[in-house]
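# Close look at the chain arrangement
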Amino acid sequence: MAHLDISILGQQYKIACPEGEELALQQSVDQFNEKIRNIKSSARTLRNEQVIVLAALNFCHELHVERTKHKEHAEKLEQRLQTIHDSIDLVLTKESKK
């Protein structure tokens with residue numbers, strides 16, 4: 001298990017992560033800090049806890065949107081595959097009757 005020192009809103013944390021995942025974790029921290037900076041710059045009167053909650057809600061919303069898109073794409077792909085499967089079955093059935 002690897003450990004990474006990170007900073008969020010000036011607070012230092014030592015976070016454990018699987019070996020080889022340090023870069024991905026650091027990129028996630030950087031993305032989170034960027035979201036926090038954007039929220040703080042648009043609403044300067046919020047406390048740090050409120051900023052963190054808003055950032056977390058933003059990420060949850062973005063994740064929900066992406067999961068919905070993924071589900072829609074998967075359903076479309078499944079429909080296409082079923083159409084191809086049905087076409088193959090039809091051709092094979094016609095060939096076997098010859």
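Here the residue index of a chain counts from 1 through its sequence in written order. Selection of residues for local features in this predicted model requires a pLDDT of at least 70, selection of side-chain atom pairs for listing and counting requires 80 or more, and totals for whole chains, interfaces and linings are taken over all residues. Side-chain measures were taken over the full set of non-hydrogen atoms in the model, leaving aside hydrogen atoms and water.

## What about the side chain of K35?
- Secondary structure counts use DSSP, requiring at least four H or I residues in a row for a helix and at least two E residues in a row for a strand, with both numbered from the N terminus. Relative to the elements of secondary structure, K35 occurs in helix α1 (residues 22-42).
- Residue contacts follow a heavy-atom distance rule, with two residues in contact if any of their heavy atoms lie within 4.5 Å. Filtering out sequence-adjacent residues up to four positions away, K35 remains in contact with A55, N58, F59 and E62.

## Let's talk about the pairing of strand β2 (residues 11-17)
- In this sheet, β2 lies alongside strand β1 (residues 2-8) in antiparallel orientation, the contact comprising seven bridges. Counted as the bridge partner of A2 is C17 from β2.
- Only strands joined by at least two bridges in the DSSP assignment are considered to pair. Taken together, β1 and the strand that follows it, β2, pair antiparallel across an intervening segment of two residues, in which L9 is found at a positive phi of about 50°.

## Some remarks on the pattern of salt bridges
- We define a salt bridge as a side-chain nitrogen of Lys or Arg found within 4 Å of a carboxyl oxygen belonging to Asp or Glu. In the structure shown here, the tally under the stated rule is five salt bridges.
- Where R37 meets E34, a salt bridge forms, and the shortest distance between an N and an O atom there is 3.0 Å. Here R37 pairs with E34, and both are found in helix α1, just three residues apart, close to one helical turn.
- With a shortest N-O distance of 3.4 Å, K69 and E66 are connected by a salt bridge. Taken together, the residues span about one helical turn, with K69 and E66 both in helix α2 (residues 48-97) at a distance of three residues.
- With a relative accessible area of 39%, K69 lands in the partly exposed category.
- Buried means the residue's accessible area, taken with a 1.4 Å probe over protein chains only, is under 20% of the maximum for its type, while exposed means over 50%, and partly exposed covers the values in between. Looking at E66, the relative accessible area reads 44%, which means it is partly exposed.

## Some remarks on the packing of aromatic side chains
- Pairing of aromatic side chains here covers Phe, Tyr and the six-membered ring of Trp, requires ring centres within 6.5 Å, and sorts the geometry by plane angle: under 30 degrees stacked, over 60 edge-to-face, intermediate tilted. If you walk through the whole model with that rule in mind, you get one aromatic pair.
- Seen from the ring of F59, K35 lies directly overhead, with NZ or CZ sitting 5.0 Å from the centre. Our definition puts a charge over a ring when NZ of Lys or CZ of Arg is within 6 Å of the ring centre and also within 35 degrees of the ring normal.

## Some words on unusual backbone geometry
- Of note, the phi angle at L9 is positive, near 50°, even though the residue is not glycine.
- Looking at where L9 falls in the secondary structure, it is placed in the loop between β1 and β2.
- Look at L9 and you get partly exposed, because its relative accessible area is 26%.

## Examining the side chain of N33
- Assignment of secondary structure puts N33 in helix α1.
- Setting aside its immediate chain neighbours within four residues, N33 contacts S7, I8 and L9.

## Observations regarding the nonpolar core
- Throughout, nonpolar core names a set of buried Ala, Val, Leu, Ile, Met, Phe, Trp, Tyr and Cys residues whose side chains join them through atoms within 4.5 Å. With nine residues, the main nonpolar core is built from L4, I6, I8, V29, F32, I36, I39, V51 and A55.
- Every element with two or more residues in this core is listed here: β1, α1 and α2.
- Element by element, the count of residues in this core is highest for α1, at four residues.
- Residue contacts for I8: discarding those within four places in its chain leaves Y13, V29, F32, N33 and I36.

Purely geometric numbers; function is a separate question.
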